Amino acid sequence: VHCTNRNCFSALDGPRLDPTCAAILAVKLAQSTTHFLCAGAAITIPQSLQWVETPANSDVVPLKRLLGEPSMRSAVQSQVELASALRMCLSNPDSLSWSFLKDGKPCRATEESSGIDFAAVEEAYAAIKKERMPLAVVNGRGELTDSTLMDEVASAYETLFRGAVVPVAVGGATHKYEALRLYVIVMLFPGLMEPEYHNTIFKKLCAGINALAPVQRELIQRWLRECEAPMLRETVVAFQQFITIYVNEYRCIDDHVASATKALGLLYGSNMERTRISYKEFYNDAINELVDFSEDFARWKDTQRCSFSFCAHSFVLDPATKSKLLQLDANNQMRSQIRGALFRSIFGGSECPYLILRVRRDNLIRDTLLQISALQHEHEDLKKPLKVIFKGEEGIDEGGVQKEFFQLIIRQTFDLNYGMFTYEEDTRCFWFSSTALENAREFNLIGKVLGLAIYNSVILDVHFPMVVYRKLMGIAPTLEDLKACQPALGRGLQQLLDWKDLDVEEVFSRTFTVDYEEFGVVKSHPLKTGGDLVNVTNENRVEYVNLYVRWVLETSIALQFTAFADGFHQVCGGAALRMFIAEELELLICGSPALDFKALEDNASTEDGYTRDSEVITNFWEIVHAMSLEEKKKLLFFCTGSDRSPIRGLGSMTFVISRNGPDSDRLPTAHTCFNHLLLPEYTDKEKLRRCLMTAINNSEGFGLM
């Protein structure tokens, strides 16, 4: 019986006092009202495996020493003892829960730390996996087997999960936390990669984890933050492989796939709390390619009858799938608004089923703002399909006109002369102007424009830093966000935090204020009450940096950003949008900057007499591939109304090239609504290049062709 509190006198390596000092201390403690009995007293520590050379006591099996001994490879007795120790400690829930601890000594599990030595677990599993030599082990039938150490570990875990290993609910008792350690240790077992253990270990592990109380699963997720990238990645791959095999084999969502996905969610949540691997490593290709997401979306909406859907565990879905789901949700809402409008028009007068904006190019922002502000049922009307009419132009909006509308309104509102945004040269990104004279309506309009673009599947040429998308998703900004947004300022604040040579008060001479320029006049703003009288010191510099970051990224632009975010969420906020993380939201709004024209060529089709082998088609693609990046963007804008790639890449986009008559001096034209290029059959490659370049450099406006 030992105490696991290392400051306790009953601990194995606790402090030691002579009798006199012990008596004096006992009298002091007896008179004290602030000291109590150690909560860790009277804990019986079972026999356990520890990754040590020298055991702390006779109940510890020094696995590191045993695996390192040369005799283990040749002496039958040593092999038998090692195999027996592995089976005994790893198949017993109590023993396993006290194995692989830090420094190889008993310690408590807390809400913040499991006490597990993750490096020891990784090294132990690696050493066991490396040892391929068959052991001289006899099975239960008295037969000599050729099993390896990995087989022995797997056999022990199979035995472990034949019993009831789900601990009782925590209920606030700290001594119950240790029982959860075994799930972490088994999750990290590299043998989970082997399909032969899927039935006997993997399924039961996932079922056991999901049978835990929510507070217990949250505890395991928190503990997994200590797991480093290589072992975390290997564990994620094991879970992904299991899910992929079952989705490929059964083409449906069964309990085992659902259970493994939920358990994978603990790894994802841990990685979001402390990033070690890319969020992209949690995407599952089999799920994204094979699952019927119309059905999955319906299950997600019907939570009373369906307990699981991939939509509810969106970390396995890639941005393309999430975009489909968002569009599915948008289409459902659009159909609902159209039906509602038609119903109201029958019984209460005429009502258009579309959101129609009639605007002038030279007064675009004002016309848009006035018409949106005048909507009688703004929330419902913004959910209708958008149609744009440029006054004085004959284009019919089948998608192409609205694309140009979005491009123009973004270009005008982000014009520095308009004063709504500032431009950061280092990052080539725009930021909200804290001194903008415009009222909140203009920023609210920009938010609605972004929302309408998503809602109507239009990609925008917007250059915001990532912190904008993080804030839209409700994530509080940090110093790292400031470094990415305003690098020079971020580096300066980091230097203040890292300064070690002298007292920062003497070197930096700062107070709790921030200086900024407004219309050519430098002003000062206190970061807290009386901040101009508080010097920044070594002791309070963390507080100063946190307040500075909050002022730059939140307080100074609170009015502008709040209006912007309100407009955005008014149009496309909801459960479907919450499936996205900030990086994916940027991709959804802005599309992909990568332009793979080879993929576009491979996916393109021809009509009206052209084939892929036609001379003019061959010449066209040769000209395109020789273009500069800016020229390719202009061509893409000319043909599609956007110079950005869709979220799934150019290879996923419908692109059609049609014959538009014989050789002539006519320029190429395009139906941007349908990504449709009309190309006369030019007989000369140079003429084709000249006419194409003229067309793409003069591509703004709509009229009859």
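Residues numbered from 1 in each chain as written. Predicted model: local features only at pLDDT ≥ 70, side-chain atom pairs only at ≥ 80, totals over all residues. Heavy atoms only, no water.

A word on the overall build of the chain. A tally of regular secondary structure across the chain gives 30 helices and 14 strands. The buried share among the 705 residues of the chain stands at 48%. Sequence-distant contacts, at least 24 apart, represent 68% of the contacts inside the chain between residues at least 6 apart. (Helix = DSSP H or I, 4+ residues; strand = E, 2+ residues; numbered from the N terminus. Buried < 20%, exposed > 50% of the residue type's maximum accessible area, 1.4 Å probe, protein only. Contact = heavy atoms within 4.5 Å.)

Let us now look at unusual backbone geometry. Comment: phi is negative for the bulk of residues other than glycine, and the bulk of peptide bonds are trans. Even without being a glycine, Asp103 presents a positive backbone phi close to 65°. Structurally, the position occupied by Asp103 is in the loop between helix H5 (93-97) and helix H6 (118-130). For Ser509, which is not a glycine, the phi torsion comes out positive at approximately 50°. Inspection of the secondary structure puts Ser509 in the loop between helix H23 (504-508) and strand E9 (513-518).

Residue alternation in strand E5 (residues 355-359) divides its side chains into a buried set, Leu355, Leu357 and Val359, and an unburied set, Ile356 and Arg358. As judged from the five bridges shared by E5 and strand E6 (residues 386-390), these two strands associate in the parallel manner. Bridge assignment links Leu355 to a residue of E6, and that residue is Leu386. (Pairing = 2+ DSSP bridges.)

Turning our attention to the packing of aromatic side chains. The tally for this structure, following the rule as stated, stands at 32 aromatic pairs. Joined through ring pairs, the aromatic side chains of Phe414, Phe421, Tyr423, Phe430, Trp431, Phe432, Phe443, Phe464, Tyr469, Phe561 and Phe564 make up one cluster. Over the ring of Trp98 we find Arg181; its NZ or CZ atom is 5.0 Å from the centre of that ring. (Phe/Tyr/Trp six-rings, centres within 6.5 Å; stacked < 30°, edge-to-face > 60°. Lys NZ or Arg CZ within 6 Å of the ring centre and 35° of its normal.)

The next point concerns helix H25 (residues 558-572). Here H25 is 15 residues long and its end C-alpha atoms lie 21 Å apart, about the 21 Å a rise of 1.5 Å per residue gives. Inspection of H25 places Gln560, Phe561, Ala563, Phe564, Ala565, Gly567, Phe568, Val571 and Cys572 among the buried residues, and these make up the whole buried set. Residues of H25 that are buried make contact with strand E8 (429-432), helix H19 (440-455), helix H20 (466-472) and helix H26 (582-590). Following H25 by one or two positions, Gly574 has its phi on the positive side, about 145°. (Expected span 1.5 Å × (residues − 1).)

A low pLDDT score tells you not to read the predicted coordinates there in detail. For the chain, mean pLDDT is 82; residues scoring 70 or higher make up 85% of the total. Residue range residues 168-175 is modelled with pLDDT below 50. Its contacts to residues more than four positions away, or to other chains, number nine contacts. Note that pLDDT drops below 50 for residues 701-705; the model gives that stretch 16 contacts with residues more than four away or on any other chain. (pLDDT = per-residue confidence, 0-100.)

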